[in-house]
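Descriptive analysis of the structure
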Amino acid sequence: TLVRRKEHAGGSGNLLAELVKLAQHIRQPEDFAYIHDWVLTALQWGANPDIEPYPSDPIICHSQSSIYLKPKATQAVNQYMYHIQDFVALFEGGHAEKLLMLFYNSMDHDALYSCLSAAKFMSRFDPNSTKVPSHGFIKLINSLSTQPRSLQQIARITTYKAMDRQLTTRTPGLPLPQALRNYILNVE
């Protein structure tokens with residue numbers, strides 16, 4: 001007998017990217033708590049927020065003096081920022097920001113600031129977008145991209161990378177006080 005395999009449609013195969021895509025279906029800001037918990041669990045068990053799960057086509061951008069191509073990053077945080085940028089209500093209560101802070105606290109410096117820079121650019125100049133970013137989104141992206149992370153946050157990212165992002169299994173064995181192990185494991 002010949003069995004036909006069902007073709008996989010839609011997903012990128014990257015758990016973080018799929019979780020943040022759920023943000024476009026949220027009806028109440030409190031629903032971010034579920035996505036937040038799933039993303040936190042994925043990060044604690046080794047998900048890498050720095051990787052780009054699939055290549056993307058560059059977008060055509062123009063300014064007053066030139067036309068150029070700009071790559072469109074595909075990290076999960078970029079997809080998240082794209083999906084929430086025009087929902088003003090989602091910024092009430094800090095739920096959308098709390099989820100974004102998981103990425104802010106777990107991504108490598110270069111990848112994070114590249115994503116924030118792309119989000120700032122796309123929110124202003126994406127010719128293909130019909131979305132208009134909310135004031136809360138622009139304010140949040142500007143504040144995250146202009147203030148540097150603390151030395152403590154940078155050390156945590158370095159620790160994540162040294163542990164191959166296997167926080168749940170490797171953090172308990174670190175020769176550190178319990179408060180530092182909690183800080184590493186909680187990502188927030």
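Look up a bit, the structure's there.
This section reports on the structure supplied with the text.

Next up on the list: the overall build of the protein. Scanning the protein for helices and strands turns up nine helices and two strands. When the elements of the protein are put in sequence order from the N terminus, they spell out α-α-β-β-α-α-α-α-α-α-α. Burial status across the protein gives 39% buried among its 188 residues. Summed over all atoms, the accessible surface of the protein reaches about 11,100 Å², with 56% contributed by carbon and sulfur.

It is worth spelling out a nonpolar patch on the surface at this point. Taken together, L22, Y34 and W38 make up a surface patch of nonpolar side chains, about 340 Å² in accessible area. Looking at the element boundaries, L22 is found in the loop between α1 (15–21) and α2 (32–44). Residue classification places L22 among the partly exposed residues on the basis of a relative accessible area of 34%.

So, about the nonpolar core. Ranked by size, the top nonpolar core spans 35 residues in total, and within it L16, V39, L102 and V187 carry the most contacts. Elements supplying a minimum of two residues to this core: α1, α2, α4 (95–104), α5 (109–125), α6 (135–146) and α7 (151–162). Excluding its chain neighbours within four sequence positions, the residues that come into contact with V187 are L40, L43, Q44, L102, N105, S106, R156, Y160 and L167.

Below, the discussion takes up unusual backbone geometry. The phi angle at D164 is positive, at roughly 55°, despite the residue not being glycine. Residue position: D164 is located in the loop between α7 and α8 (167–170). Relative accessible area serves as the criterion here: at 51%, D164 is assigned to the exposed category. For R165, which is not a glycine, the phi torsion comes out positive at approximately 60°. With respect to the secondary-structure elements, R165 resides in the loop between α7 and α8. Look at R165 and you get buried, because its relative accessible area is 7%.

A few words on α2. The end-to-end C-alpha distance of α2 is 18 Å, a good match for the 18 Å that 13 residues give at a rise of 1.5 Å each. Those residues of α2 that fall on the buried side of the exposure criterion are F32, I35, H36, V39, L40, A42, L43 and Q44. The first or second residue beyond α2 is G46, which carries a positive phi of 115°.

Turning our eyes to something else, we now look at the packing of α2 against α4. Running from N to C, α2 and α4 point in directions that differ by 10°, and their axes come no closer than 9 Å. Of the possible angle classes, the one that applies to α2 and α4 is roughly parallel. Residues F32, I35, H36, V39, L40 and L43 of α2 form the contact with α4, whose own contacting residues are H95, A96, K98, L99, L102 and F103. Grouping the constituent residues of the contact of α2 with α4 by class yields nine nonpolar, two polar and one charged.

What counts, and at which threshold
- Throughout, a residue's number is its position along its own chain's written sequence, starting from 1.
- In view of the model being predicted, local features appear only for residues whose pLDDT reaches at least 70, and side-chain atom pairs are presented and counted only at 80 or more, with totals across whole chains, interfaces and linings using the full set of residues.
- In computing side-chain values, all of the structure's heavy atoms are included and hydrogens and water are not.
- Put simply, DSSP marks the helices as runs of H or I at least four residues long and the strands as runs of E at least two long, and each gets a number from the N terminus on.
- The cut-offs for exposure are 20% and 50% of the maximum accessible area for each residue type, with area from a 1.4 Å probe on protein chains only; residues under the lower value are buried, those over the upper are exposed, and the others partly exposed.
- Accessible areas in this description were obtained via Shrake-Rupley with a 1.4 Å probe; residue shielding takes into account the shown protein chains only.
- Candidates for patches are residues over 30% relative accessible area with no salt bridge; among them, like charges are joined within 9 Å and nonpolar side chains (Val, Leu, Ile, Met, Phe, Trp, Tyr) within 5 Å.
- Between Lys or Arg on one side and Asp or Glu on the other, a salt bridge is scored when a side-chain nitrogen of the former is within 4 Å of a carboxyl oxygen of the latter.
- Nine residue types can take part in a nonpolar core, namely buried Ala, Val, Leu, Ile, Met, Phe, Trp, Tyr and Cys, and a core is a set of them joined through side-chain atoms within 4.5 Å.
- By the convention used here, residues are in contact when the closest approach between their heavy atoms is within 4.5 Å.
- Here, expected helix span is obtained from the residue count minus one, scaled by 1.5 Å.
- Angles shown run from 0 to 180 degrees and are taken between the N-to-C directions of axes, each axis being a line fitted to C-alpha atoms and, for helices, limited to the stretch in contact.
- Angles are sorted into four bins: roughly parallel if under 35 degrees, roughly antiparallel if over 145, roughly perpendicular if 65 to 115, and oblique for all others.
- Residue polarity is assigned by list, with Asp, Glu, Lys and Arg as charged and Ala, Val, Leu, Ile, Met, Phe, Trp, Tyr, Cys and Pro as nonpolar; anything else, Gly included, falls into the polar class.

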